[in-house]
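Spelled out from the first residue to the last, the chains are:
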Amino acid sequence: MAGHSKFKNIQHRKGAQDKKRSAQFSKLSREITVAAKMGMPDPDMNPRLRLAVNAAKAQSMPKDNIQRAIDKAAGGDAESYDEMRYEGYGPGGVAIIVEALTDNRNRTATNVRTAFSKNGGNLGASGAVSHGFDRMGLITYPISAGDADSVFEAALEAGAEDVESSEDEHSIWTAMDSLHEVAKALEATLGEAESAKLAWKPQVLVEVDEANAATLLKMIDALEDDDDVQTVWGNYDVSDEVMAKLG
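An unreviewed UniProt entry lists the protein chain under the name Probable transcriptional regulatory protein GGR91_000175, from Sphingorhabdus rigui. Among the UniProt annotations of the protein chain, the heading Sequence similarities (unreviewed entry) holds the following wording: "Belongs to the TACO1 family."

In this section: the pairing of strand β2 (residues 95-102). Working note: regular strand, side chains alternate between the two faces of the sheet. Counting buried positions along β2 gives 8 out of 8 residues, so the element sits mostly inside the fold. Burial along β2 is two-sided: the residues A95, I97, E99 and L101 and I96, V98, A100 and T102 are all buried. Strand direction decides the pairing type here: strand β1 (residues 82-89) and β2, joined by 8 bridges, are antiparallel. In the sheet register, Y86 faces β2, and the bridge partner there is V98. Linking two consecutive strands that pair antiparallel, namely β1 and β2, is a turn of 5 residues; a positive phi of about 75° is found at G92 within it. Sheet topology note: the β2/strand β9 (residues 229-234) ladder contains 5 bridges and is antiparallel.

What follows concerns the side chain of T102. You can see T102 is positioned in strand β2. Polar side-chain contacts of T102 include one of 2.8 Å to the backbone nitrogen of N104.

It is worth spelling out the sheet that holds β9 at this point. Across the sheet, 4 strands lie side by side as β3-β1-β2-β9; this open sheet has antiparallel pairing. Among the strands making up the open sheet, the edge pair consists of β3 (122-123) and β9.

We now examine the nonpolar core. Ranked by size, the top nonpolar core spans 23 residues in total, and within it I96, V98, L216, L223 and Y236 carry the most contacts. Counting only elements with at least two residues in this core, the list comes to β1, β2, α5 (105-117), α8 (210-224), β9 and α9 (240-246). With 6 residues, the single largest contributor to this core is α8. When neighbours within four sequence positions are excluded, V98 is seen to be in contact with M84, R85, Y86, V112, F116, L223, V229 and T231. Counting 17 residues, the second-largest nonpolar core is a separate cluster that includes Y141, A158, A160 and I172.

A word on unusual backbone geometry. The phi torsion at S60 lies on the positive side, around 60°, for a residue other than glycine. As for its placement among the helices and strands, S60 is situated in the loop between α3 (47-58) and α4 (63-74).

It is worth spelling out the packing of helix α6 (residues 148-158) against helix α7 (residues 179-190) at this point. In the contact formed by α6 and α7, the axes pass within 9 Å of each other and the chain directions differ by 140°. Comparing the axis directions of α6 and α7 gives the class oblique. The handedness of the crossing between α6 and α7 comes out as right-handed. Packed against α6, whose contacting residues are V151, A154, A155 and A158, the element α7 presents V182, A185, L186, T189 and L190 at the interface. Its residues placed into classes, the contact of α6 with α7 shows 8 nonpolar, 1 polar and no charged.

With that settled, consider the packing of α3 against α7. Orientation of α3 relative to α7, taken along the N-to-C sense of each, is 50°, at an axis distance of 10 Å. Comparing the axis directions of α3 and α7 gives the class oblique. In this structure, α3 crosses over α7, and the sense of that crossing is left-handed. Contact with α3, carried on its side by P47, R50, L51 and N54, involves L179, H180, K184 and E187 of α7 and no other residues of that element. Across the contact of α3 with α7, the residue classes break down as 3 nonpolar, 2 polar and 3 charged.

So, about the environment of H170. If you trace the backbone, H170 turns up in strand β6 (residues 169-175). Judged by its relative accessible area of 1%, H170 is buried. C-alpha of H170 to C-alpha of F152: the two residues are 18 residues apart in sequence and 9.0 Å apart in space. With near-sequence residues (within four places) excluded, H170 lies in contact with I139, T140, Y141, P142, I143, A145, G146, D147, A148, V151, E164 and S165. For H170, the side chain forms a polar contact with the main-chain oxygen of G146, separated by 2.7 Å.

Analysis parameters
Residues numbered from 1 in each chain as written. Predicted model: local features only at pLDDT ≥ 70, side-chain atom pairs only at ≥ 80, totals over all residues. Heavy atoms only, no water. UniProt positions renumbered as here; feature names shortened; annotations may be inferred. Buried < 20%, exposed > 50% of the residue type's maximum accessible area, 1.4 Å probe, protein only. Helix = DSSP H or I, 4+ residues; strand = E, 2+ residues; numbered from the N terminus. Pairing = 2+ DSSP bridges. Polar contact = N/O pair within 3.5 Å; in protein donor to acceptor, adjacent residues only side chain to side chain. Core = buried A, V, L, I, M, F, W, Y, C linked by side-chain atoms within 4.5 Å. Contact = heavy atoms within 4.5 Å. Axes fitted to C-alpha atoms, helices over the stretch in contact; angles between N-to-C directions. Parallel < 35°, antiparallel > 145°, perpendicular 65-115°, else oblique. Left-handed = near helix turned anticlockwise from the far one by under 90°. Nonpolar A, V, L, I, M, F, W, Y, C, P; charged D, E, K, R; others polar.

This is the structure:
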């Protein structure tokens, strides 16, 4: 998900998370297979695969499913997926970046364009909005990992660049190339992270009013429901008051 300390407020509104579990597993499997195919099929020797496996474990994906996804790449019978990035604007001028893994570029491009256009958005050219984001590593921990000060200390010690703590979670930002290193160091002090991945961090947030927020959330739902879409990032800031009104 997207902007700032509001990572969770849209996820928690979506109680459909459980219903989407099988779709989520399929997306996680796809990332594991692609990561294993691009490097060694051993998570300890392949940072991207390690992150993908950790993300799958955080979503309680069964070990058998994880191993199957790795074996699929090793067996050479895996479909070939292209990594695609789509950029555009949503309601209220919000900048949106969509990351996808697809075996059919035309299908994915059409679906993404439709999700934008049906919900008051416009799909732009590559690079249309990414200049307003920094490509960074993002490690998240549940609030139970510790108070804001102790997590900040641990993150600083591990080499992180920034920490944001909300009432739901701690978001730890790292330089893109030190994500794996920092995640490993934090594991020793804070335990296993909820997630660790490359992310797009908005440089400036756009506050979204109630009228635009409802359409924006519909657009993000439509994008996330697409099997090819892995992640949706944005520079939006939806206040708790607006979220409460939207239910």
